[in-house]
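Working through the structure, step by step
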Amino acid sequence: MDNSKRTVVVTGFGPFGEHTVNASWVAVQELKKLGLGSEVDLHVYEVPVEYQTVQSLVPSLWKQYHPLLVVHVGVSGMATTVTLEKCGRNHGYKGLDNSRFCPDSQCCIVGGPDCIKSVIDMESVCKRVTASGLGVAVSVSKDAGRYLCDFTYYTSLYLSHGRSAFIHVPPLGKPYSGEDLGRALQAIVQEMLELLDQAEEKIHCQQHFH
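Calculation criteria
Residues numbered from 1 in each chain as written. Predicted model: local features only at pLDDT ≥ 70, side-chain atom pairs only at ≥ 80, totals over all residues. Heavy atoms only, no water. Buried < 20%, exposed > 50% of the residue type's maximum accessible area, 1.4 Å probe, protein only. Helix = DSSP H or I, 4+ residues; strand = E, 2+ residues; numbered from the N terminus. UniProt positions renumbered as here; feature names shortened; annotations may be inferred. Contact = heavy atoms within 4.5 Å. Phe/Tyr/Trp six-rings, centres within 6.5 Å; stacked < 30°, edge-to-face > 60°.

Side chains three or four residues apart in an α-helix point the same way, a direct result of the helix having 3.6 residues per turn. Those residues of helix 3 (residues 122-131) that fall on the buried side of the exposure criterion are Met122, Ser124, Val125, Cys126 and Val129. In the stretch just after helix 3, glycine 133 is the one whose phi turns positive, near 70 degrees.

Next up, the structure:
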């Protein structure tokens, strides 16, 4: 098996609205301190809450790093758990961003499918992380909220044919600290990589037998 390092890119968002400190970026910085083990080359980025920046930044991350996986992390004021999003949606973007901008088409990619699911089985990731006794509650959702989070996720899913993930975190202290959220991200991303490895092995076995 190839021993070269696997590349993973994880993004958090910058401040917006009442979120003057965005828990997602705090959590991603904590993850960066922890790392994902010696075999994974981890790159982290803070994404401004602006549609047009997302449209240029997300493709550039895929192009620059050719990552095995890109994980986007965002904050949800309504969340009380760390939430794994199963899919991104193309339409319904009416909320203005930090630049008071909203796409005229109100969609991510004109002509793209309405919904794109991640190739990662989020239910399975949720079960595995919950069973590991992390002390942070994890749940699964299929509505990433039709704002910059959902917009970023769909864009990444479209570019990667589903090899992306999105994780919503609650605001800091409600109830988790930045360190707690960083540990949760570490456990979740490691499980995602494990599942991708297993899927890859299955494909190799099938090719071997045919």
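And the narrative resumes.
A few words on the UniProt feature "active site" (unreviewed entry) in the protein. In this numbering, the UniProt entry assigns the feature "active site" (unreviewed entry) to Glu85 and Cys149. On the basis of their most widely separated C-alpha atoms, the annotated residues across 65 residues gather in one place, lying no more than 10.1 Å apart. With respect to the helices and strands, the residue glutamate 85 is situated in strand 4 (residues 82-85). For glutamate 85, a relative accessible area of 2% corresponds to the buried category. Among all residues touching glutamate 85, those that are not within four sequence positions of it are Met122, Ser141, Lys142, Asp143, Ala144, Tyr153, Phe166 and His168. Tracing the chain through its elements places cysteine 149 in helix 4 (residues 148-160).

It is worth spelling out the packing of aromatic side chains at this point. Evaluated as defined, the whole model comprises 9 aromatic pairs. Ring centres of phenylalanine 16 and tyrosine 147 lie 6.0 Å apart, and the angle between their planes is 50 degrees; on these two criteria the pair is classed as tilted. Residue phenylalanine 16 is located in the loop between strand 1 (6-13) and helix 1 (23-34), and its partner tyrosine 147 is located in the loop between strand 7 (138-141) and helix 4; the two are separated by 131 residues in the primary sequence. For tyrosine 147, a relative accessible area of 22% gives the class partly exposed. Centre to centre, the rings of tyrosine 154 and tyrosine 158 are 6.3 Å apart; their planes meet at 20 degrees, and the pair counts as stacked. Pair noted here: tyrosine 154 and tyrosine 158 are both in helix 4, with a separation of 4 residues, about one helical turn. Given a relative accessible area of 0%, tyrosine 154 falls into the buried group.

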